[in-house]
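Remarks on the overall topology
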Amino acid sequence: MTIIEAVKIVLSENDAMSSKEIYEEISKRQLYEFAAKNPQMIVNGMIRRHCLQLNFPTSSPVKYFSIAYKEGKSLKYSLLDESKKVEQDNNISDSAIHNEKEMLPEEKILKAYNDHLEQLYTTVLESVMDKHPSFFEQLIVDLLLKMGYGYDSKSGITVGGPHDGGIDGIINEDKLGLDLIYLQAKRYKESQKIGSKDLQAFVGAMENVQKGVFITTSSFTSEAKKFVNRQQQKSIKIIDGKLLAELMVKYEVGVKVNQTFNIYKMDTSYFE
């Protein structure tokens, strides 16, 4: 019998139990003989890796258990009921799911990594806001080139200035310049949203060019988003501050990798 099978037996006879209670019941009934120094930790790990609400690098795509509720500082687990899967998935709060006491080391690493990214996104945008508008115009050209647009690393130019006609950058997707992408950059504070009029002016400035990307450090109003969705004459993509920061980090524009870590998981097929 495996640990998972032992946990299933215990939970099939009980409504909900903590990982500690499950381990104690397994030991009491001698359902599994543990060789580890900390068997309770092993049981907790097995449950969490196969738990519906939990997804992290070493979690299993196969789910057998669900978080039923939180009692005190402990989570109560139950067997997964496929007929109530959606209900069970939404039944527990985020704070309970990320219960520090029961999180596995790899879960803590993932949470810390996500916290690191959120802080980095904020720092990246703050750094952009501290620079001159011309810096932002060059940044969006660099970003589009890093993302693979343009035929080479020199196929993007900035054209921003007092008489830019509403276009801040141009990406040549082919050597003859037959296929162009026009760029508009608005380095605005978070409270200053981009409205539909800004996008209408951008479309007007594009003239015969069909592709355009409007990038801002702030965000877009709902009317602006509707305008883009209804736009049929041009192909317009909008990038707000949140997505801008994410793309800068992903494509390493203004940031660089400092250190990497490997997260390992057991190769169970080796032990079969």
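Residues numbered from 1 in each chain as written. Predicted model: local features only at pLDDT ≥ 70, side-chain atom pairs only at ≥ 80, totals over all residues. Heavy atoms only, no water.

1. Considering the layout of surface pockets
Roughly 1200 Å³ of volume is contained in the largest pocket. Lining the largest pocket are 38 residues, and of these Ile-3, Ile-42, Gly-45, Met-46 and Arg-49 sit closest to its centre. Taken together, the elements giving at least two residues each to the lining of the largest pocket come down to helix 1 (3–12), helix 2 (19–28), helix 3 (39–49) and helix 6 (105–130). Partitioning the lining of the largest pocket into residue classes produces 17 nonpolar, 13 polar and 8 charged. (1 Å grid on protein atoms, 1.4 Å probe; cavity = no way out; pocket = protein on both sides within 12 Å on 5 of 7 lines; lining within 4 Å. Points joined across faces, edges and corners; volume = space filled by probe spheres on them. Helix = DSSP H or I, 4+ residues; strand = E, 2+ residues; numbered from the N terminus. Nonpolar A, V, L, I, M, F, W, Y, C, P; charged D, E, K, R; others polar.)

2. Here we look at unusual backbone geometry
Located in the positive-phi region is Glu-207, a residue other than glycine, with phi close to 50°. Tracing the chain through its elements places Glu-207 in the loop between helix 8 (196–206) and strand 6 (211–216). One non-glycine residue, Glu-252, adopts positive backbone phi at about 55°. In this fold, Glu-252 is placed in the segment after helix 10 (241–250).

3. A few points about the packing of helix 7 (residues 133–146) against helix 10
Between helix 7 and helix 10, whose axes approach to 11 Å, the crossing angle comes to 60°. The angle between the axes of helix 7 and helix 10 places the two elements in the oblique class. The two elements helix 7 and helix 10 cross, and the hand of that crossing is left-handed. Contact residues: helix 7 offers Phe-136, Leu-139 and Leu-143, while helix 10 offers Leu-244, Leu-247 and Met-248. Grouping the constituent residues of the contact of helix 7 with helix 10 by class yields 6 nonpolar, no polar and no charged. (Axes fitted to C-alpha atoms, helices over the stretch in contact; angles between N-to-C directions. Parallel < 35°, antiparallel > 145°, perpendicular 65-115°, else oblique. Left-handed = near helix turned anticlockwise from the far one by under 90°. Contact = heavy atoms within 4.5 Å.)

4. A few points about helix 10
The set of residues buried in helix 10 consists of Gly-241, Leu-244, Ala-245, Leu-247, Met-248 and Val-249. Next to the buried residues of helix 10 lie helix 6, helix 7, strand 6 and strand 7 (235–239). Taken from the residues just after helix 10, Glu-252 is the one with a positive phi, measuring 55°. (Buried < 20%, exposed > 50% of the residue type's maximum accessible area, 1.4 Å probe, protein only.)

5. Some details on the nonpolar core
In terms of nonpolar packing, the biggest core is built from 26 residues, with Phe-136, Leu-139, Ile-140, Ile-171, Leu-183, Ile-215 and Leu-244 touching the most fellow members. For this core, the secondary structure elements donating two or more residues are helix 6, helix 7, strand 5 (180–186), strand 6 and helix 10. Here the element with the most residues in this core is helix 7; it accounts for 7 residues. In this structure, Leu-183 is in contact with Ile-140, Val-141, Leu-144, Ile-167, Asp-168, Gly-169, Ile-170, Ile-171, Phe-202 and Val-213, ignoring residues within four places of it in sequence. Membership of the second largest hydrophobic core comes to 24 residues, among which are Ile-4, Val-10, Leu-31 and Tyr-77. (Core = buried A, V, L, I, M, F, W, Y, C linked by side-chain atoms within 4.5 Å.)

6. Digging into the confidence of the model for the protein chain
The share of residues in the protein chain with pLDDT of 70 or more is 94%, and the mean pLDDT across the chain is 90. Helix 10 holds the highest mean pLDDT among the elements of the protein chain, 97, whereas helix 4 (residues 85–89) holds the lowest, 65. (pLDDT = per-residue confidence, 0-100.)

7. What to know about the pairing of strand 2 (residues 74–79)
Most of strand 2 sits out of view: 5 of its 6 residues are buried. As paired strands, strand 1 (residues 65–71) and strand 2 are joined by 6 bridges and run antiparallel to one another. Each residue of the ladder has a partner; that of Lys-70, found in strand 2, is Leu-75. (Pairing = 2+ DSSP bridges.)

8. As for the packing of aromatic side chains
Inspection of every chain in the model, using the stated rule, returns 6 aromatic pairs. Measuring from ring centre to ring centre gives 5.9 Å for Phe-214 and Phe-220, while their planes differ by 75°; the resulting arrangement is edge-to-face. The pair Phe-214 / Phe-220 is uniform in exposure class, with both members buried. Three or more aromatic residues joined by ring pairs make a cluster, and in this case those are Tyr-23, Tyr-32 and Phe-34. In this arrangement the basic side chain of Lys-8 is found over the ring face of Tyr-64, its NZ or CZ atom lying 3.8 Å from the centre. Sitting over the ring of Phe-135, Lys-131 keeps its end group 5.2 Å from the ring centre. (Phe/Tyr/Trp six-rings, centres within 6.5 Å; stacked < 30°, edge-to-face > 60°. Lys NZ or Arg CZ within 6 Å of the ring centre and 35° of its normal.)

9. Topic: the environment of Gly-254
Tracing the backbone shows Gly-254 in the segment after helix 10. Between the C-alpha atom of Gly-254 and that of Asp-142, which follows or precedes it by 112 residues, the distance is 9.8 Å.

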